[in-house]
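So you can see what is in the structure, the chains are spelled out below.
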Amino acid sequence: MASPLIEVRSLKMYFPVGLSLFGRRKLLKAVDDVSFDLYPGETFGLVGESGCGKTTVGRTLVRLYRPTGGQILYQGTDIANLDEKAVLPYRRKMQMIFQDPYASLNPRMTVSSIIGEPMRLQGMPQAEITARVAELVEQVGLKKDHLNRYPHEFSGGQRQRIGIARSLAMRPEFIVCDEPISALDVSIQAQVINMLEELQDSLGITYLFVSHDLSMVRHISHRVGVMYLGHMVELASAEELYSNMQHPYTQALMSAVPIADPDLAQQANRIVLQGDVPQPIDPPPGCPFASRCRYCKPVCTEVNPEMREVAPGHFLACHL
Ligand SMILES: Nc1ncnc2c1ncn2[C@@H]1O[C@H](COP(=O)(O)OP(=O)(O)OP(=O)(O)O)[C@@H](O)[C@H]1O
Ligand SMILES: [Mg+2]
């Protein structure tokens, strides 16, 4: 295999959230000791319940946040602690696309000025910008006569295309797709997914793909990581993970996927999670999933299990 584009090592992102009773600073451990690699041209799916830290991982990788700890090796260079100025050249190679394309598009700007903005900020000559904008518009399947219109004149799927065109402007190598299709009509979702896959094929872009839609993640991802409460608990190729999931949390998460066929749904063994999701503020020692795990043993509440390789390329953090 090629060497990784990005190596994430023991990444930590803690947010200060007020003071404890004794005046000690309380920390919310949104991402705690997460490690994984991203290979050039792959799609890495990231799944887990709301609040488990997926968006925070994405925002930290593209250095919208400065991590509390750990390393982010971008082609071997640790960018975790670079200051604002030094990190700029890396930030340009990394982009993020969001769930709600409308919120990120300036309503008073035309499509052509929206897509051209990152290049203008770079001081690129106008003629070059115009040519590049035309190329981008074609790449994302919009038409030339869309260029002089405003965002409100477009459908959700078209707006997402505008946002994607803009994020491609500086030829990024890595894009975090944070729920990029969940605000779109089901009929449009497949079109946007196909476009993202085609862009990956032609441009070799690496994706971190965050989604609640587990079947979409399976479809689009080469490898998938499962997060729980700021930790990565299981990681494997999409095929291996969906057919041979090992972590009790992964099993519970996957069993909650709706099944279209009523007969199959009847037979399916749905695992209902018991217990509350603990807050990642001053978490107890041990496995983060212990309080809700059906198989919890004494060791699970005492020692946080390390990630280990249980089959080639299949990593698991569980004592069982
Ligand atoms: N800027 C912030 N300040 C304080 N806490 C934050 C901040 N951003 C996120 N958090 C907290 O960090 C945890 C992880 O949040 P995050 O948004 O990464 O989760 P997520 O997995 O993306 O959830 P969702 O699926 O709902 O988008 C949550 O407990 C959240 O409240
Ligand atoms: Mg999120």
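Structure: see above.
Residues numbered from 1 in each chain as written. Chains lettered and ligands numbered in written order. Predicted model: local features only at pLDDT ≥ 70, side-chain atom pairs only at ≥ 80, totals over all residues. Heavy atoms only, no water.

### Looking at unusual backbone geometry
Note the threshold: Elements are defined by DSSP. Helices are runs of H or I of four residues or more, strands are runs of E of two residues or more, and each kind is numbered from the N terminus. Exposure is judged per residue with a 1.4 Å probe applied to protein chains only, and the accessible area is read against the type maximum: over 50% gives exposed, under 20% gives buried, and values in between give partly exposed.
One non-glycine residue, Arg63, lies in the positive phi region at around 60°. Within the element layout of this structure, Arg63 appears in the loop between α1 (54–61) and β4 (69–74). Of note in the backbone geometry, Glu179 takes a positive phi value of approximately 50° without being a glycine. Relative to the elements of secondary structure, Glu179 occurs in the loop between β7 (174–178) and α6 (186–203). Residue Glu179 is classed as buried on the basis of its relative accessible area of 10%.

### Here's the deal with the site of ligand 1
Threshold: Any residue with a heavy atom positioned within 4 Å of a molecule or strand is treated as near that molecule or strand. We define a polar contact as two N or O atoms separated by no more than 3.5 Å, with the added condition that, inside protein, one atom must be a possible hydrogen donor and the other a possible acceptor, whereas residues neighbouring each other in sequence contribute only through side-chain atom pairs. Under the grouping applied here, Gly and all other residues not named as nonpolar or charged are polar, the nonpolar ones being Ala, Val, Leu, Ile, Met, Phe, Trp, Tyr, Cys and Pro and the charged ones Asp, Glu, Lys and Arg.
Around ligand 1, 13 residues are found, and the nearest of them are Ser50, Gly51, Lys54, Thr55 and Thr56. Ser50 is positioned with one of its side-chain polar atoms (N or O) 2.5 Å from an oxygen atom of ligand 1. Take Lys54: an N or O atom from its side chain is 2.8 Å from an oxygen atom of ligand 1. Among the secondary structure elements, those contributing two or more residues to the shell around ligand 1 are β2 (25–38) and α1. The biggest single contributor to the shell around ligand 1 is α1, with 3 residues. Here the residues of the shell around ligand 1 are counted per class, giving 5 nonpolar, 6 polar and 2 charged.

### Focus: the packing of aromatic side chains
Where two aromatic rings form a pair, the distance of their centres and the angle of their planes describe that pair. Going by this rule: Planes of paired rings set the category: under 30 degrees apart is stacked, over 60 is edge-to-face and the rest tilted, where pairs are Phe, Tyr or Trp rings (Trp by its six-membered ring) whose centres lie within 6.5 Å.
A full pass over the atoms with the stated rule returns 6 aromatic pairs. Each ring, one from Phe15 and one from Tyr65, has its centre 5.4 Å from the other, and the planes form 80°; the classification is edge-to-face. On the criterion of sequence distance, the pair formed by Phe15 in strand β1 (residues 6–19) and Tyr65 in the loop between α1 and β4 is long-range, its members being 50 residues apart. Under the relative-accessibility criterion, Phe15 is labelled partly exposed at 23%. Seen from their ring centres, Tyr74 and Tyr90 are 5.8 Å apart, and the 70° between their planes marks the pair as edge-to-face. Separated by 16 residues along the polypeptide, Tyr74 in strand β4 and Tyr90 in helix α2 (residues 84–93) bring together distant segments of the chain. What makes Tyr90 buried here is its relative accessible area of 17%. Clustering of aromatic rings is evident, with ring pairs tying together Tyr228, Tyr249 and Phe289.

### Describing the nonpolar core
Put simply, the test is: Residues belong to one nonpolar core when they are buried, are Ala, Val, Leu, Ile, Met, Phe, Trp, Tyr or Cys, and are joined through side-chain atoms within 4.5 Å. Residues count as neighbours in contact if any of their non-hydrogen atoms are within 4.5 Å of one another.
Residues Ile115, Ile162, Ile164, Leu168, Leu196 and Phe209 are the most contacted members of the largest nonpolar core, which totals 54 residues. Ranked by residues supplied to this core, first place goes to α6 with 5 residues. Setting aside residues no more than four positions away along its own chain, Leu196 makes contact with Ile97, Ile164, Pro180, Tyr207 and Phe209. Grouped together as the second largest cluster of nonpolar side chains are 29 residues, Leu11, Leu38, Val57 and Met227 included.

### Some thoughts on the sheet that holds β2
Defined as follows: In this analysis, strands are considered paired if DSSP registers two or more bridges between them.
An order of β2-β1-β4-β5 is seen for the 4 strands of this open sheet, with the pairing classed as antiparallel. Here the strands that pair on one side only, and so sit at the sheet edges, are β2 and β5 (77–78). Sheet analysis places β4 next to β5, joined by 2 bridges and oriented antiparallel. The partner of Tyr74 across the bridge, within β5, is Thr77.

Such coordinate-based values are descriptive only and should not be taken to indicate function.
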